[in-house]
Amino acid sequence: MEYSVLDINALKIKLLLILFSLGLIYAIIYLFIVKAIPYNMSWKKQKDVLFRRVAFFTGFISLFMAELSYIVQFIVDSWRSRMNEEDLSTILSSLKSFVLPATLLSMLTYILTFWLCAKFLRGLFGYKPWTVFVSNGKKFGLF
Amino acid sequence: MAESNLGAQYFLVAAGGTGMRCLQSFINLSATGLFKDLKTVHILLMDTDEENKDKRNAENLLKSYEQVFKNAEGETFFNCKLKLYRFVPDYSKDSRRNFIIISQLERGDSDTNHKLANIFFEEGVQQFDLSHGYRAQTHLGSYLMYHAFVEEIRKSVQDNVYQANSELYKFIQAVSNANNTEARIFAFGSSFGGTGASSIPVIPRAISDCTKIVTGGNISGDKIYYGGVVLSSYFKFKPPSDSEKKKEKVIANSQFFTHNSASALNYYVNDFTISKTYKKLYLLGWPSKYNVDLDAYKEDELGKKKETEVKTITGGKSQENPGHVLELFSATAAFHFFSGIFTSKSELERISSTQFNYKSMGIDESGNLILDPEDVISNPGDIDKEVPMHEDFRKNLIAFYSFGKMVHAEYKGNMMGLLDDLRLYNSNYDVKPEILDSFTYFLNYFSLIPKGDEGNASYYPGWLTQLFITFKPNGDKDFLSIPKNFFDKKNAETWTLAYPELQRKNARNIFIERFKKINKNSSGDFKKFVEDIRSTLYSFKIDSKLATQED
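Every value quoted in this text rests on a predicted model; they were computed, and no experiment measured them.

(A) Inspection of the overall build of chain A at higher detail. Along its length, chain A carries five helices and two strands. Going from N to C terminus, chain A has its helices and strands arranged as α-α-α-α-α-β-β. Going through the 143 residues of chain A one by one, you find that 22% of them count as buried.

In C-alpha cells form, the structure reads like this:
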C-alpha cells in the first residue's frame, strides 16, 4: 500500500487537532479543579495558592505524559493493524520529527488556554486561576 | 416633607457619664455611615470628672475615629467629620474643690453669705468634693456649670494665651459663626444623674450668653436652634453603705434615679426656661423592672466582683458603664434633630414652645420588648425604596460588627493578616500600621474587646455586644431581627451568623470569592480597603427572617 505525502500531512493535521483539543480540554478541566480549591482566611501562612499551582502543574505534566505514552501509542496501534511494517516505519520516521513539536504545541495550548481563561473569563472561573500565575503582585509569587 | 439643610452646622454637647455613652453611640453610628448628610459635627465633650472612664473611652473613641476618618473619609463608612472640643471645669485643685470655696462664701460678710447659700443648698451639698462630678445634685450642678462656662469664656476673651488653649472658646466661636446661616445644637445627658442632668437645663442659656460675650453682643441668636434628650433612669447600682454616706455626706444613689427623672420631667415640661429655649426634646424612658444592674453586669461580664463590693462608684476611673439601647436612641434622636429629612428649618422656626418627641417599641405576646431596626431609625418617606433607611442602617451596622468579629476569629485580632491574605489574592492595599491600629481599636470597641493578649480568644463585650447584653427584656429572642447567637461575646466565630449565605463550612471561601467578584483585583489605600470590605459584607443578604417579614 502506497502512502502519499498528502496522506501523511492529513495524518499530521489529525494528530495536531487531537493534541490541540487535548490541551484545551485539559486546561478547562484543570481550571475547574483549581477553582474548586477554596480561598482561606487565616493568621497562619496560606497554602491554597500553592495547591492551585500544584494542580496546574499536575495538569501540565499529566497531559504531557498522556500524549507521549498513551495517546500517540494508541494512534500508532490503530494504524499497525492496517499496514505492513515497511509502511509503518515510513510513517513513523515521517512523524517522529513532528510528534514532539506537536506535543509541545499542545502543552502551549494548555498553558495559553489556562492563562486566557484565568485572565479574561473571570465571570466563569473566578479569580482563583489567576493566582496560579500571579500572587502577592508577583509572577508565581516570586518575581 | 424633607428639606435639605444647606449651610446648617451641627453641634453636639455631651455632658456627664451618660452623655459620654450617648456620644459613643453617636460616634459608632457615624462610623457605620448613618450621618453622611451631616458632613461635619462639632462635638463639645463636657464633664466635671477628668478621670471618668466613660469620658476617657469617648475621647479615645473619637480620637480613633478622627484618625480613621482622615484616611478613610468615604461614601459609606466614616463619612461624617467629627470635630472634638473639650471642656472640663477643674475641680481637682484645692482652690476649687467645693461650692463654698468656689463661691467664696468666706469672703466679705461670711455669715450672710452662708445664710444665703443655705436657702438654696443643704450644708452637705455645699461641702462635698466636686472632683467626681455633681453627684446627682442638679440644683448645684446647673449653677456651677453655667458659671464655669461663662468664666471660661470671659477669661478667654481677656487673655489671648488662655484663649488659644480654650477649646470651649473655639466651640462657642464656631457656634457664633454658624449663626450667620443656621446652627443646630443638640445636648446629650441624663435627667437623673449629676453633670448631664445639671447641664442640659442651662446649656442653651450658657451657650447663648457665651456667644454674646465672644461677639461683644453682636449676635441675635435667632438662627441657633436647641434640641436634646431627656433620658430617664435605666440602670441601678449598689446603694451606698452607711459608712460611705457618713464619709461622703453626698453620694449618688441609684434608688433615687427614678424620682430624679420624674422631677426632671416635671421641670422640663413646665418650666419656661426650657420651653422657650429648646425647640425639641426627645423623651426616652425605660421600664424600671428592666433597669440594668451595673454590679451584676460588672461581675458577670468584666469579672469585677471584688471592686464593686468595696464601695459605691461615684465616678473616676471606675465609672465605666455598659452601652444601652436608650443611648442608641439618643444618638438617632440627635440625627432626627439635625437632619433635614426629619426636621426642616421652617419647622424649627415655627416651633414656639418645646416640642416633645418620643418613640415606642413593640411587645411580643409575653409582654417582652422587641427591638427592630425600624425602632432605631426609619424614614417613612423612603418605604418604597429598594433599601429603606432602617435596612441600610442595619446592614451597615451588622457589616461593621461582623468585620470586627471576623478579624478576631480568623486573624487573632491582627488586621494585617487579612491584608496579607488579600495581597496574596492580588488585592493590594497600602495601609500604614498606625492607621490600622486606630481602626483596630475602633472595631474592637465596637464588637469585642480582647482580654489581655490577642489570640487567647477571650473577650470583653464591645459596644454593640453591650447593647445586646443590657437589652434584657426580650430574653432569648432576636435582637435587631438578627439571631441572638450572632452577638455571642465569647465566640468571634459567630461573625457569619447574620448572613445565611455564609452559614456554611466554607464561609471563608464564600466571603473572599464575593470580595473578589465585587472588587476584582483592586489595589488602593486604606479608604479603598474599608470601602471594599464594606461593599462585600453589604452585598450579603441578612437573616431571612426580616426578609420574610418585609415580604
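From this point, the discussion proceeds with the structure in view.
(B) Representation of the packing of helix H1 (residues 16-31) of chain B against helix H2 (residues 53-72) of chain B. Residues and elements named next belong to chain B. The interhelical angle for the contact between H1 and H2, taken along N-to-C directions, is 20 degrees, at an axis separation of 8 Å. The pairing of H1 with H2 is recorded here as roughly parallel in orientation. Every pair of crossing elements has a handedness; the one defined by H1 and H2 is left-handed. Note on element contacts: H2 touches H1 through Asp54, Lys55, Asn57, Ala58, Leu61, Leu62 and Tyr65, opposite Gly17, Met20, Arg21, Leu23, Gln24, Ile27 and Ala31. Partitioning the contact of H1 with H2 into residue classes produces eight nonpolar, three polar and three charged.

(C) Examining the pairing of strand E4 (residues 182-188) of chain B more closely. Residue and element names in this part refer to chain B. The element E4 is largely enclosed, with a buried count of six among its seven residues. With five bridges connecting them, E4 and strand E5 (residues 224-231) associate as parallel partners. Residue pairing for E5: Arg184 is matched across the bridge by Tyr225. Handedness of the crossover joining E4 and E5 through helix H9 (residues 195-215) is recorded here as right-handed.

(D) How the structure looks around the interface of chain B and chain A. Listed per partner, the contact involves 18 residues of chain B and 16 residues of chain A. Listed by contribution, the elements that provide at least two residues to the side of chain B that touches chain A are helix H18 (389-411), helix H19 (415-424) and helix H22 (507-519) of chain B. The class makeup of the residues in the side of chain B that touches chain A is four nonpolar, seven polar and seven charged.

(E) The arrangement of the packing of H18(B) against helix H20 (residues 433-446) of chain B in detail. Residue and element names in this part refer to chain B. Relative orientation of the contacting elements H18 and H20 amounts to 110 degrees, with a least axis distance of 9 Å. One way to sum up the angle between H18 and H20 is to call them roughly perpendicular. In this structure, H18 uses Phe400, Tyr401, Phe403, Gly404 and Val407 to contact H20, whose residues at the interface are Leu443, Asn444 and Phe446. The residue makeup of the contact of H18 with H20, split by class, is six nonpolar, two polar and no charged.

Calculation notes
- Residues numbered from 1 in each chain as written.
- Chains lettered and ligands numbered in written order.
- Predicted model: local features only at pLDDT ≥ 70, side-chain atom pairs only at ≥ 80, totals over all residues.
- Helix = DSSP H or I, 4+ residues; strand = E, 2+ residues; numbered from the N terminus.
- Buried ≥ 20, exposed ≤ 12 C-beta atoms within 10 Å, placed from the backbone.
- Axes fitted to C-alpha atoms, helices over the stretch in contact; angles between N-to-C directions.
- Parallel < 35°, antiparallel > 145°, perpendicular 65-115°, else oblique.
- Left-handed = near helix turned anticlockwise from the far one by under 90°.
- Contact = placed C-beta atoms within 7 Å.
- Nonpolar A, V, L, I, M, F, W, Y, C, P; charged D, E, K, R; others polar.
- Pairing = 2+ DSSP bridges.
- Right-handed = clockwise from strand over helix to strand, strands pointing away.

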